[in-house]
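The primary structure of each chain is shown beneath.
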Amino acid sequence: MAQPTITGDNIVASLKILGFVESDMQSKSENKVSLSNGEHKIIITKGWLENVEANRMYQELLPIFEAFENQVQASDDRNLHKVRDWLEARTAKIRNR
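Bear in mind the structure is a predicted one, so any value in this text is a computation, not a measurement.

1. Re the overall build of the protein chain
Of regular secondary structure, the protein chain possesses 4 helices and 3 strands. In the protein chain, the order of α-helices and β-strands from amino to carboxyl end is α-β-β-β-α-α-α. For the protein chain, whose C-alpha radius of gyration is 13 Å, the value lies close to the compact-globule estimate of 13 Å for 97 residues. Projecting the C-alpha coordinates of the protein chain onto the three principal axes gives extents of approximately 40 × 30 × 20 Å. Looking at the 97 residues of the protein chain, the share that counts as buried comes to 39%. Of the contacts formed within the protein chain by residues at least 6 apart in sequence, a portion of 51% connects residues at least 24 apart. Accessible surface, the protein chain as shown: approximately 6400 Å² in total, 46% of it carbon and sulfur. Computed over 13 positive and 14 negative side-chain charges, the inter-centroid distance for the protein chain is 4 Å.

The following block contains the structure:
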């Protein structure tokens, strides 16, 4: 089975479902979005995620999705589940190395 692919836009939409809001970035960038929800803060690059950026997103999203696991499970939002599936596929790939 092919590993699911997500974009920064999928991540932004997903985190907004979880209650994250856009926050002002010190250095405005057209291709980045800063989101926060209490203790969780993340900067997301819009568009396709290349290797290094995908690895960074994985590392930063994993604890967020663990913290919001109940909300993710209860939601029927497609973006949220797509990002969760992407995280699970990457985790499985790392474990199988």
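2. Structural notes on the sheet that holds strand S1 (residues 21-22)
In space, the 3 strands of this open sheet follow the order S1-S2-S3, with antiparallel pairing throughout. Edge positions in the sheet fall to S1 and strand S3 (40-45), since each has one partner strand and no second. Strands S1, strand S2 (32-37) and S3 of the sheet are contacted by helix H1 (residues 8-17), whose axis makes an angle of about 155 degrees with S3.

3. Quick notes on helix H2 (residues 51-67)
For H2, spanning 17 residues, the distance from its first C-alpha to its last is 25 Å, which sits close to the expected 24 Å at 1.5 Å a residue. The largest bend along H2 measures about 30 degrees and falls at Leu-61, with the proline Pro-63 one to four residues further on. The inward-facing, buried residues of H2 contact H1, S3, helix H3 (69-74) and helix H4 (78-95).

4. Topic: the pattern of salt bridges
All chains considered together, the criterion is met by 5 salt bridges. With a shortest N-O distance of 3.0 Å, Asp-85 and Arg-84 are connected by a salt bridge. Residue class for Asp-85 comes out partly exposed when judged on its relative accessible area of 32%. One salt bridge connects Arg-84 with Glu-88, and the closest N-O pair in it is separated by 4.0 Å. With Arg-84 and Glu-88 both in helix H4 and 4 residues apart, this pair spans about one turn of that helix. Taken together, the shared-partner salt bridges in this structure form one network comprising Glu-53, Arg-56 and Glu-60.

5. A word on the packing of H1 against H4
Two numbers describe how H1 lies on H4: the axes approach to 8 Å, and their chain directions differ by 115 degrees. Of the possible angle classes, the one that applies to H1 and H4 is roughly perpendicular. The chirality of how H1 crosses H4 is left-handed. Where H1 approaches H4, its residues Asn-10, Ile-11, Ala-13, Ser-14 and Ile-17 are matched on the opposing element by Asn-79, Leu-80, Lys-82 and Val-83. Class assignment for the residues of the contact of H1 with H4 results in 5 nonpolar, 3 polar and 1 charged.

Parameters and conventions
Residues numbered from 1 in each chain as written. Predicted model: local features only at pLDDT ≥ 70, side-chain atom pairs only at ≥ 80, totals over all residues. Heavy atoms only, no water. Helix = DSSP H or I, 4+ residues; strand = E, 2+ residues; numbered from the N terminus. Rg over C-alpha atoms; globule rule 2.2 N^0.38 Å. Buried < 20%, exposed > 50% of the residue type's maximum accessible area, 1.4 Å probe, protein only. Contact = heavy atoms within 4.5 Å. Areas by Shrake-Rupley, 256 points an atom, 1.4 Å probe, with all protein chains shown as cover. Lys, Arg positive; Asp, Glu negative; His and termini not counted. Charge placed at Lys NZ, Arg CZ, Asp CG, Glu CD. Pairing = 2+ DSSP bridges. Axes fitted to C-alpha atoms, helices over the stretch in contact; angles between N-to-C directions. Expected span 1.5 Å × (residues − 1). Bend = angle between axes of the 7 residues up to and from the residue. Salt bridge = Lys/Arg side-chain N within 4 Å of Asp/Glu carboxyl O. Parallel < 35°, antiparallel > 145°, perpendicular 65-115°, else oblique. Left-handed = near helix turned anticlockwise from the far one by under 90°. Nonpolar A, V, L, I, M, F, W, Y, C, P; charged D, E, K, R; others polar.

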